[in-house]
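# Examining the three-dimensional arrangement
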Amino acid sequence: MRLYAVVAAGGFRRYATYRVATVAGVFTNTVFGFIMAYTYTALWDERPHLGGYDLSQAVTYVWLGQALLMTCATMGGGFEDELIERIRTGDIAVDLYRPADLQLWWLAGDLGRAAFHLLGRGIVPMVLGSLAFELALPGDPGTWLAFLFAVMLGVVVSFAIRFLVALSAFWLMDGAGVAQMAVLGGMFFSGMLLPLNLFPGVLGEVARALPWSSLLQVPADVFLGKYTGWDVAGAYAFQAGWALALLATGRLLQTVATRRVVVQGG
């Protein structure tokens, strides 16, 4: 486990070196946060308590979305492009022969990336948003801890999805198409554009049942106090269930791909 802790720390340091990109990202997240916050304000002025949120909660949801956009890689980002390229060029064979688990290696690095983005691109937009709008910030430290745990589970689910996307390159000429589809799924079904509670009927039920809801909708509802008592445990179970299912699928595909590489190498 020490190896993967070192890899995670390396992932954090790697993204910390891109200072100009981080500043640009903070600026972009803040600008889009203001645009969406004013849009939500106009919408909630017309439809108060839409989706079960009051105006303060709705605006808070916006800034949480900006804080978690890169943390949970809602629109992709991180390791998958690099892994797809290594599969395409055949360099993945070197990785598979290393005395380290491929999935855990990339997961550790992605956790380091997520930790940096939560600190580097998550806090500042949230603080600036709180100065301009009345946000529904929890007063209970336990709620903050519960939120951070939900974010961690969301990062793992996000990784598992993107790991599967990258592994598709073993069977396709290029994984770019699958990656684009995953980006669209992440934008729409995570709640980034609109809270999933606003989706009507069956569409809303399906959207909330998909793994992408773990990336934003579930952590945001934990933060806003929509889950209380055992409901929080149920939210964690939902996220953990998707994480385990997707990681297990990735493990299976990794095993099949490894055998394929070994046979071709032999």
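Our subject is the structure that appears above.
### Concerning empty space enclosed by the protein
- Tallied over the entire structure, the rule returns 1 cavity of 30 Å³ or more.
- Around the largest cavity, the lining residues are Met-36, Tyr-40, Tyr-61, Val-62, Gly-65, Gln-66, Gly-191, Met-192 and Leu-216.
- Of all the secondary structure elements, the ones that give two or more residues to the lining of the largest cavity are α2 (19–46) and α3 (55–68).
- With 4 residues, α3 is the largest single contributor of residues to the lining of the largest cavity.
- Split by residue class, the lining of the largest cavity holds 6 nonpolar, 3 polar and no charged.

### Thoughts on helix α8 (residues 176–189)
- In a regular helix each residue adds 1.5 Å, so 14 residues correspond to 20 Å; α8 covers 20 Å between its end C-alpha atoms and thus fits that length.
- Residues Ala-179, Ala-182, Val-183, Gly-185 and Gly-186 constitute the buried set of α8. Down the axis of α8, the smallest arc covering the buried residues is 165 degrees, so these residues share one side. Turned more than 90 degrees away from the buried face of α8, the exposed residues are Gln-180, Met-181 and Leu-184.

### Observations concerning a nonpolar patch on the surface
- A contiguous nonpolar patch, built from Leu-119, Ile-123, Val-124, Val-127, Leu-128 and Leu-131 and spanning about 530 Å² of accessible area, is present on the exposed surface.
- Take Ile-123: it is sitting in helix α6 (residues 102–132).

### Focus: the side chain of Gln-66
- One can find Gln-66 in helix α3.
- With relative accessibility at 4%, the residue Gln-66 sits in the buried group.
- Apart from residues no more than four positions distant in its own chain, Gln-66 is found in contact with Asn-29, Phe-32, Gly-33, Met-36 and Arg-121.

### Focus on helix α4 (residues 80–89)
- Residues Glu-80, Leu-83, Ile-84 and Ile-87 constitute the buried set of α4. The arc that holds the buried residues of α4, viewed along the axis, is 100 degrees, so those residues lie on one side.
- In this structure, the buried residues of α4 make contact with α5 (92–96), α6 and α7 (141–167).
- Immediately downstream of α4, the backbone of Gly-90 shows phi near 90 degrees, a positive value.

### Concerning the side chain of Asp-95
- Positionally, Asp-95 belongs in helix α5.
- On the basis of relative accessible area, Asp-95 is assigned to the buried category, the value being 6%.
- Within the structure, Asp-95 has its side chain in polar contact with the side chain of Arg-86 (distance 2.6 Å).
- Once residues lying within four places of it in the same chain are set aside, the contact partners of Asp-95 are Arg-86 and Leu-102.

### Structural notes on the packing of aromatic side chains
- Under the definition given, this model contains 19 aromatic pairs.
- Measuring from centroid to centroid gives 5.6 Å for Phe-12 and Phe-116, while their planes differ by 85 degrees, and the two rings are edge-to-face. In this pair, Phe-12 is assigned in helix α1 (residues 2–16) and Phe-116 in helix α6, connecting sequence segments 104 residues apart.
- Centroid distance Tyr-40 to Trp-44: 5.3 Å. Interplanar angle 15 degrees. Geometry classified as stacked. Of this pair, Tyr-40 and Trp-44 both sit in helix α2, separated by 4 residues, roughly a single helical turn.
- By relative accessible area, which is 2% here, Trp-44 ends up buried.

### Here's the deal with the packing of α2 against α6
- Between α2 and α6, whose axes approach to 9 Å, the crossing angle comes to 40 degrees. Between α2 and α6 lies a crossing whose hand is right-handed. Counting all contacts with α2, which are made through Thr-22, Gly-25, Val-26, Asn-29, Thr-30 and Phe-34, the residues of α6 involved are Phe-116, Gly-120, Arg-121, Val-124, Pro-125, Leu-128 and Ala-132.
- Grouping the amino acids of the contact of α2 with α6 by side-chain chemistry returns 7 nonpolar, 5 polar and 1 charged.

### What to know about the pattern of salt bridges
- Per the counting criterion, the structure on display carries 7 salt bridges.
- A salt bridge links Asp-95 to Arg-86; its shortest N-O distance comes to 2.6 Å.
- A salt bridge links Arg-113 to Asp-110, with the nearest nitrogen and oxygen atoms 2.7 Å apart. Of this pair, Arg-113 and Asp-110 both sit in helix α6, 3 residues apart, roughly one helical turn. For the pair shown, Arg-113 and Asp-110 are each scored as buried.
- Salt bridges sharing partners connect three or more residues here, namely Glu-80, Asp-110, Arg-113 and Arg-162.

Analysis parameters
Along each chain, residues carry numbers from 1 onward, in the same order as the chain's sequence is written. Only residues with pLDDT of 70 or above have their local features reported here, since the model is predicted, and side-chain atom pairs are shown and tallied only from 80 upward, although totals for entire chains, interfaces and linings are computed over all residues. In computing side-chain values, all of the structure's heavy atoms are included and hydrogens and water are not. A 1.4 Å probe that fits into a set of points on a 1 Å grid over the protein atoms alone but cannot get out defines a cavity; an open set with protein on both sides within 12 Å along at least five of seven lines defines a pocket, and lining residues are those with an atom within 4 Å of a point. Grid points are joined across faces, edges and corners, and a volume is the space filled by probe spheres set on the points. Labels follow the DSSP assignment, with helices taken as runs of H or I lasting at least four residues and strands as runs of E lasting at least two, numbered in each case from the N terminus. Residue type decides the class: Asp, Glu, Lys and Arg count as charged, Ala, Val, Leu, Ile, Met, Phe, Trp, Tyr, Cys and Pro as nonpolar, and the leftover types, Gly among them, as polar. The span expected for a helix works out to 1.5 Å for each residue beyond the first. Summary of the burial criterion: residues with accessible area below 20% of their type's maximum are buried, those above 50% are exposed, and those between are partly exposed, where the area comes from a 1.4 Å probe applied to protein chains only. Think of it as the arc spanned by the lines of direction from the helix axis to the C-beta atoms. The patches described consist of residues with a relative accessible area above 30% and no salt bridge, like charges being joined within 9 Å and nonpolar side chains (Val, Leu, Ile, Met, Phe, Trp, Tyr) within 5 Å. Using the Shrake-Rupley algorithm and a 1.4 Å probe, accessible areas are obtained, with residue cover drawn only from the displayed protein chains. Note on definitions: salt bridges are taken to be side-chain nitrogens of Lys or Arg within 4 Å of carboxyl oxygens of Asp or Glu. Throughout, a contact is declared for two residues whenever any of their heavy atoms are within 4.5 Å. Polar contact is the term for a pair of N or O atoms within 3.5 Å; when the atoms are in protein, one must be able to donate a hydrogen and the other to accept it, and sequence-neighboring residues count only if both atoms are side-chain atoms. Pairing of aromatic rings covers Phe, Tyr and Trp, the last counted by its six-membered ring, and requires centre-to-centre distances within 6.5 Å; plane angles under 30 degrees mean stacked, over 60 mean edge-to-face, and any other angle means tilted. Angles here are taken between N-to-C directions and fall from 0 to 180 degrees, while the axes themselves are lines fitted to C-alpha atoms, restricted in helices to the stretch in contact. Each helix crossing is assigned a hand: it is left-handed if the near helix lies turned anticlockwise from the far helix by less than a right angle, otherwise right-handed if that turn is clockwise.

No statement about biological role is implied by the geometric values presented.
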